[in-house]
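# Structure assessment
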Amino acid sequence: MQNKDFFPDPKEKLDASDDFASFLQAEGGGDLAPLSRAPIQGAVKIAFWGLRLYIVAMLILVTIGFTRGMH
């Protein structure tokens, strides 16, 4: 016999918002703090610029390959 907690009916829509609200209230949590975007700095910023340059270089190489490959 399957346990409904671990094998829910696929036709039944799961709504976890009530469960999460009760969990949050039981744990003493209040309103959730608003999230803000973390600033990108240091090595991460360098890595993102490197990825942008890599994408541009690959687009140029693909363009050259298509233009020279067509006869």
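All values derive from a computational prediction rather than experimental measurement.

Here we come to the overall build of the protein chain. Scanning the protein chain from terminus to terminus reveals two helices and zero strands. Residues classed as buried in the protein chain amount to 0% of the 71 residues present. For the protein chain, the exposed surface amounts to about 7,500 Å²; the carbon and sulfur share of it is 65%.

On to the packing of aromatic side chains. For the structure shown, the criterion picks out zero aromatic pairs. For the cation-ring pair, arginine 52 lies above tryptophan 49, with the distance from its terminal atom to the ring centre recorded as 4.5 Å.

Time to look at a nonpolar patch on the surface. A surface patch of nonpolar side chains, amounting to about 760 Å² of accessible area, comprises Tyr54, Ile55, Val56, Met58, Leu59, Ile60, Leu61 and Ile64. Examined against the element boundaries, isoleucine 64 turns out to sit in helix H2 (residues 43–69). Among the residues examined, isoleucine 64 registers a relative accessible area of 40% and is labelled partly exposed.

In this section: the UniProt feature "transmembrane region" (unreviewed entry) in the protein chain. UniProt annotation of "transmembrane region" (unreviewed entry) refers to residues 46–66 when read in the numbering used here. Split by type, residues 46–66 is 100% helix and 0% strand. Its first and last C-alpha atoms lie 30 Å apart.

Parameters and conventions
- Residues numbered from 1 in each chain as written.
- Predicted model: local features only at pLDDT ≥ 70, side-chain atom pairs only at ≥ 80, totals over all residues.
- Heavy atoms only, no water.
- Helix = DSSP H or I, 4+ residues; strand = E, 2+ residues; numbered from the N terminus.
- Buried < 20%, exposed > 50% of the residue type's maximum accessible area, 1.4 Å probe, protein only.
- Areas by Shrake-Rupley, 256 points an atom, 1.4 Å probe, with all protein chains shown as cover.
- Phe/Tyr/Trp six-rings, centres within 6.5 Å; stacked < 30°, edge-to-face > 60°.
- Lys NZ or Arg CZ within 6 Å of the ring centre and 35° of its normal.
- Patch = residues over 30% accessible without salt bridge, like charges linked within 9 Å, V, L, I, M, F, W, Y side chains within 5 Å.
- Salt bridge = Lys/Arg side-chain N within 4 Å of Asp/Glu carboxyl O.
- UniProt positions renumbered as here; feature names shortened; annotations may be inferred.

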